[in-house]
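Observations on the model geometry
Each chain, written out:
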Amino acid sequence: MIKTFIKGGIKILLLASITLMCLYYFSNVLRPKHDEIPNNTYEKVSGYYALEDNSLDILFLGTSHAYYCLNPGVIYNETGLNSYVFGGECQPIEITYTYLKEALKTQNPKLVVLDIFALSNSSETCRTEGIYRVNIEELNASIDKYDAYGFIEDENKLENAFDVSLYHDLWSVSNLLDTSRIFRKDFDESFGYTNGIPNYGTTWQREYYYTDNRIKPEEKQWDYFTKIVDLCQEQNIPLLLVKTPCYIEEKDAAIYGYVFDWAKDNDIPYIDYNMKFIDLGYVFDDDGDVWHANARGSLIISNDISKYIFENYQIAPSNSILYHDQYLHLYDQTYNTILTNCYDYDKLLTYLNNDDFTLLVTYLNSKDINISKTKESSLSVFGITEPLESTNALINVVSGTKVLSSNIYDGLTTEEIVVAGKTYQLDTSGYLKYNDKYISYPKCDLNVTVIDNRTGFVIDNFGLDTNNSLYISRE
Amino acid sequence: MLGSGAIYYFCSGKIRKLLLVIANVLFYLSYDVQSWEYLILAIICTFYVGYLAKKDIAKHKKIICFAIVGLVLGLFIFKYLNFFLGSFMPTKVFSIVAPIGISFTTLKMIGYLLDVYHQKITPCDNFINYFIYVTFFAQIISGPIERADHFLPQLDNLDRKFSYEELKNGLLRFAIGAFEKVVIANRLGLIVNQIYRNISGFEPQYLVLAIILYAFEIYCDFDGYSSMAIGMAHLFGFNTNENFHAPYLANNPSAFWRRWHISLSSWFKDYVYIPLGGNKKGSIRRYLNILIVSLLSGLWHGAALSFILWGVLHGVIQVVADIFKKMHQKFKSPLPWLTKAISILLTFVVVSNLWVFFRVGNLQDVFVIITSIFRVNSWVINATSLNLLPGDLILNFIFVVVIVVIDILRNHMNVIDMFNKLPFFVRWFVYIVIIVSFILFAVYGPGYNPGSFIYQQF
């Protein structure tokens, strides 16, 4: 009798375990993958889990304001510190608290940077079931995740423990890749950052918005905000509060002002970029739209925050080599977005005047040259100091202010140029070859290719139309 | 309920009985219960009538008849009064809601009283036993209509020891039933509902598809429920009768009724058809009896003209089939298997077309659907027209095939016994397939009411 009872019990337990495993597995397989840029929560969260344990120096938390503005590639380039933006779309602050708890399970950051948009009045519209779900679903199964479902009003937490009940009908649109997702670690090469593409020609200068009013954020938000502060203190991790640039109204300004005062009283540093952006040369909507910075804006803010971190925190890099290539690649990607979307000649020159880049400049004679004297002198950035009328053909290699080589030819000639160990074949007409494959074609008579010195990654190539006052031409 | 089943095994007979009462009440209360007072009153009265009959049956026969009339009247008031008065008056006269399961409990109580009247059983003298019998949670919503002589004696034998085999078989039967209901019936229902919601919006071939799929939907829904009820009863140590036996493999309409909702058909046979004379008073009387029983069966299913027509038409086809059979009695088919296959197919076609009366109340729509086969120009079924992906449609087709195959097996053997004889790994593979199918293909989750069954409305 007892033997049968035990035997039966074991079988029932085994069957129950198989059922639970199936529920867990299919919950992961069938859950919608929010992996489309810009709010690619799947990549951002799974990317965090794919990081080596204790490899992070800086943890960025917050909403889309954080992941559009705080650029780990730029931070790394400036400070050598590893960072990750662990944030989700419109993320309510209580979910940010869950993210912090989740983050600290595998990482031991030396600084936590929190964007405080979630405390604002504007973020109230974010508190929808969909937003909560999107931000919770990708987290690994844990008690914290289970508790987080409780933030959704009238939500059945048990039903969410295995959310296959919500998504099982998606079996018909799932693919083979989904079935292995649970076993994979999908590294996010953007480190949680989203590269916003700048709109060209939408410049509109905004003034600082200042108010003497002070409004405390909603009790629930404030409660979780203080929990984040307490958790950082418990873990002995310095906390830096930031507000990335965005349009603000009276109530939001009063809330940010309240946080500013509170932070000051509690010795917690707080950088409000809404009160700093003009000084930094950040221009709405050229560098960011109503809510988010774009690649240009992220470069400005991330450079500034890097400077702040460098000056105020003595952080020894955990493991700079670990993701060296990936961080530099992100840096190049950022510049690629910035440069390829820049059609303002003067602005372009400011970006190109960078020691990190090598410019490969080619010129093949033009019949009609129509460049003003001022513009002609600006060609020195490309190593061209003689009037183009007197030149038949040339290939210049320039980095920052240094001209590494300058060769004038009679006609069509090819040179081999080595950057970061990569050998490129470049001819005077502007054709660029790598590994016997064309990677760039001439756009005009004067062509420029921008390559990162450290990675050899081609960031941009464009032509300058000498017949048309150096008009920037791209394919 | 499964939880209370687990506790049940660790208790003694008396506690088990108490647990059953609690389980019955809780299960009933889990539904939107209305007019429950009537049900309690009816149980008390019928028990008391039985109790009196035990003392002196001859003296109390009139009271039994009176009680039966009362039960019929109660059913009539709750279920049919508005329907009949509605024929004369434009608006609803009474706004009373029938207690859930009234049709099933009423037949159980009438059956009990008739058995007492005819002295086929000893009247129950234990109210708890009688209460458990009438309100047994596994059967109260949609049957099966268990007979008192089969169920009540089992209540005196509740001290049985834990049996792993009983538990396993009960759970397996429950799981099979749940699979039929939640995976197959509900999934087929998605297609059927779409088509029937917009009859004029679909081409004739879709209406034909709906006729076929609804036949399988209602079968899987009801057989699923019955299997769950039988499995659940098994878990609590009760042996209950089968309610279905591969009905779509019947080769004539009478055979269909011997295989479909067996507990109801046999109830009508034992308590209406046979008392009316059955088949012992000549062909004409026999056909009349069949028509009366069919009419009552239709009426029992619902207070609507479509149900009455459905019942009468079933009676008519039984009569026609019987006449046809008699006319060709001497005919010997050279290919008996082909004749049988054609008969099965014909029976299925007729039965599935008659289900349309069940599903669509409006007789004009019924006519449009049933005649759709004659208007079909193309047999192309496009999944996107049904808001489905091709995979969904194929899956439904696979499920229908699975049901047919299982029914063919059921027709020849006890599937559970056969399954238990399979090697360990095969059985566990089937378990896992069932679990995965449940997770992926079942219709469940937010917005789905797990307690909703087609037969519940009757």
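1. A look at the overall build of chain B
Counting secondary structure elements, chain B contains 18 helices and 0 strands. Since a compact globule built from 458 residues should have a radius of gyration of about 23 Å, the 23 Å found for chain B is in line with a globular shape. Projecting the C-alpha coordinates of chain B onto the three principal axes gives extents of approximately 70 × 55 × 55 Å. Across the 458 residues in chain B, those meeting the buried criterion constitute 53%. Long-range pairs, those at least 24 residues apart, make up 76% of the contacts in chain B with a sequence separation of at least 6. Each charge class in chain B was averaged separately, 37 positive and 23 negative side chains, and the resulting centres sit 8 Å apart.

2. Concerning helix 16 (residues 345–352) of chain A
Residue and element names in this part refer to chain A. Those residues of helix 16 that fall on the buried side of the exposure criterion are Tyr345, Leu348, Leu349, Tyr351 and Leu352. Here the buried residues of helix 16 occupy an arc of 160° about the axis, which is enough to place them on one side. Residues Asp346 and Thr350 are exposed on helix 16 and point more than 90 degrees away from its buried face.

3. Remarks on the confidence of the model for chain A
Segments scoring low in pLDDT should not have their predicted coordinates read at a detailed level. Across chain A, the average pLDDT comes to 88, with 98% of residues at or above 70. Confidence scores differ between elements of chain A, with helix 8 (residues 157–161) of chain A showing the lowest mean pLDDT of 70 and strand 3 (residues 111–115) of chain A the highest of 96.

4. What to know about the pattern of salt bridges
Residue and element names in this part refer to chain A. Counted according to the given criterion, the structure contains 32 salt bridges over all chains. The residue Asp452 makes a salt bridge to Arg454 at a minimum N-O spacing of 3.5 Å. Look at Asp452 and you get buried, because its relative accessible area is 0%. The structure contains a network of salt bridges with shared partners spanning Lys101, Glu102, Lys105 and Asp144.

5. Things to note about helix 2 (residues 13–29) of chain B
Over its 17 residues, helix 2 of chain B runs 24 Å from end to end, which matches the ideal 24 Å to within 8%, given 1.5 Å per residue. Here helix 2 of chain B has its buried residues at B:Gly13, B:Arg16, B:Lys17, B:Leu19, B:Leu20, B:Val21, B:Ala23, B:Asn24, B:Phe27 and B:Tyr28.

6. What about the interface of chain B and chain A?
In this assembly, 23 residues from chain B lie in contact with 23 residues from chain A. Surface buried jointly by chain B and chain A totals about 2000 Å² across both partners, of which 82% is contributed by carbon and sulfur atoms. When the buried area of chain B at its contact with chain A is split by residue, B:Tyr164, B:Trp428 and B:Ile439 rank highest and sum to 28% of it. In this structure, the connection of chain B to chain A is made through 1 salt bridge. Between A:Asp169 and B:Arg187 there is a salt bridge whose closest N-O contact spans 3.1 Å. One can count 2 residue pairs in polar contact (both at pLDDT 80 or more) joining chain B with chain A. For the side of chain B that touches chain A, the secondary-structure elements that each account for two or more residues are helix 8 (164–197), helix 16 (390–412) and helix 18 (424–441) of chain B. A breakdown of the residues in the side of chain B that touches chain A according to their chemical character gives 19 nonpolar, 2 polar and 2 charged.

7. Section: the packing of helix 5 (residues 93–103) of chain A against helix 11 (residues 219–234) of chain A
All names here are of chain A. At a minimum axis separation of 8 Å, helix 5 and helix 11 run at an interaxial angle of 20°. The angle between helix 5 and helix 11 falls in the class roughly parallel. As helix 5 packs across helix 11, the resulting crossing turns out to be left-handed. Of the residues in helix 11, those in contact with Ile93, Glu94, Thr96, Tyr97, Leu100 and Lys101 of helix 5 are Lys220, Gln221, Tyr224, Phe225, Lys227, Ile228, Leu231 and Cys232. For the contact of helix 5 with helix 11, a count of residues per class yields 8 nonpolar, 2 polar and 4 charged.

8. Remarks on the sheet that holds strand 7 (residues 393–399) of chain A
Residues and elements named next belong to chain A. On the basis of which strands lie adjacent, the open sheet formed by 6 strands has the order 8-7-6-13-14-15 and antiparallel pairing. Both outer strands of the open sheet, strand 8 (402–409) and strand 15 (471–473), are each paired with one neighbouring strand and no more. Strand-to-strand twist of the sheet, defined as the mean angle between neighbouring strand axes without regard to direction, takes the value 20°. Across the face of the sheet, helix 15 (residues 324–340) comes into contact with strand 6 (357–364), strand 13 (446–452) and strand 14 (458–465) while running at roughly 20° to strand 14. Running at roughly 145° to strand 14, helix 16 makes contact with strand 6, strand 13, strand 14 and strand 15 of the sheet.

9. Thoughts on the state of the cysteines
One pass over the structure, following the stated rule, counts 1 disulfide over all chains. No disulfide involves A:Cys232; its sulfur sits 20 Å from the nearest other cysteine sulfur, which is in A:Cys69. You can call A:Cys232 buried: its relative accessible area is 1%. Looking at the unpaired B:Cys124, the closest cysteine sulfur is the one in B:Cys45, lying at 15 Å. Using a relative accessible area of 8% as the deciding quantity, one classes B:Cys124 as buried.

10. Details of the sheet that holds strand 11 (residues 432–434) of chain A
Residues and elements named next belong to chain A. Across the sheet, 4 strands lie side by side as 9-10-11-12; this open sheet has antiparallel pairing. Strands with a single pairing partner mark the edges of an open sheet, and in this sheet they are strand 9 (414–419) and strand 12 (437–440). Between one strand and the next, the sheet's axes are offset by a mean angle of 35°, whatever the strand orientation. Where strand 9 and strand 10 (residues 422–427) come together, 6 bridges link them in antiparallel fashion. Counterpart to Val419 in the pairing with strand 10 is Lys422.

11. Structural notes on the nonpolar core
Ranked by internal contacts, the top residues of the largest apolar core, which has 89 residues, are A:Phe86, A:Phe225, A:Leu241 and A:Phe382. Ignoring anything within four residues of it in the chain, the contact list for A:Phe86 reads A:Lys44, A:Val45, A:Tyr48, A:Leu59, A:Phe60, A:Leu61, A:Gly62, A:Gln91, A:Tyr99, A:Ala103 and A:Leu139. Of all hydrophobic cores here, the second largest spans 78 residues; its members include B:Phe27, B:Leu39, B:Ile140 and B:Val319.

12. A word on the packing of helix 13 (residues 305–327) of chain B against helix 14 (residues 336–359) of chain B
All names here are of chain B. Running from N to C, helix 13 and helix 14 point in directions that differ by 160°, and their axes come no closer than 8 Å. Taken together, the axes of helix 13 and helix 14 lie roughly antiparallel to each other. As helix 13 runs across helix 14, the sense of the crossing is right-handed. From helix 13, Ser306, Phe307, Leu309, Trp310, Leu313, His314 and Ile317 reach across to helix 14, where they touch Val350, Val351, Leu354, Trp355, Phe357 and Phe358. The residue inventory of the contact of helix 13 with helix 14, partitioned by class, reads 11 nonpolar, 2 polar and no charged.

Calculation criteria
Positions within a chain are numbered from 1, following the residues in the order the chain's sequence is written. For naming, the first written chain is A and the first written ligand is 1, with later ones following in the order written. Two thresholds apply to this predicted model, a pLDDT of at least 70 for residue-level local features and 80 or more for giving and counting side-chain atom pairs, whereas whole-chain, interface and lining totals are computed over all residues. The side-chain numbers reported here are obtained from all heavy atoms of the structure, hydrogens and water having been left aside. A run of H or I in DSSP counts as a helix once it spans at least four residues, and a run of E counts as a strand once it spans at least two, with each numbered from the N terminus. Our radius of gyration looks at C-alpha atoms and nothing else; its globule reference is 2.2 Å times the residue count to the power 0.38. Accessible area is worked out with a 1.4 Å probe on protein chains only. A residue is then buried under 20% of its type maximum, exposed over 50%, and partly exposed in between. Contacts are assigned to residue pairs with any non-hydrogen atoms lying within 4.5 Å of each other. When charges are counted, Lys and Arg are positive and Asp and Glu negative, with His and the chain ends excluded. The atoms used to mark charge sites are NZ of Lys, CZ of Arg, CG of Asp and CD of Glu. By definition, the arc is the one covered by directions from the helix axis to the C-beta atoms. One number per residue, pLDDT, summarises how confident the predictor is, and it ranges from 0 to 100. For salt bridges, the criterion is a side-chain nitrogen of Lys or Arg within 4 Å of an Asp or Glu carboxyl oxygen. To estimate the expected span of a helix, subtract one from its residue number and multiply by 1.5 Å. The term buried area refers to how much accessible surface (probe radius 1.4 Å) is lost by two components on association, counted for both of them together. Polar contact criterion, stated in full: a pair of N or O atoms within 3.5 Å, where within protein one must be able to donate a hydrogen and the other to accept it, and residues adjacent in sequence count only if both atoms are side-chain atoms. Three residue categories are used. Nonpolar comprises Ala, Val, Leu, Ile, Met, Phe, Trp, Tyr, Cys and Pro, charged comprises Asp, Glu, Lys and Arg, and polar comprises the others, including Gly. Under this scheme, a helix contributes an axis fitted over its contacting stretch, all axes are lines through C-alpha atoms, and angles between N-to-C directions fall in the 0 to 180 degree range. Angle categories: roughly parallel below 35 degrees, roughly antiparallel above 145, roughly perpendicular from 65 to 115, and oblique for all the rest. Throughout, a crossing is termed right-handed when the near helix is turned clockwise from the far one, and left-handed when it is turned anticlockwise from it by less than a right angle. Being paired, for any two strands, means DSSP has found at least two bridges between them. By definition, disulfides here are pairs of cysteine sulfur atoms that lie within 2.5 Å. By convention a nonpolar core is built from buried Ala, Val, Leu, Ile, Met, Phe, Trp, Tyr and Cys residues, the set being connected through side-chain atoms within 4.5 Å.

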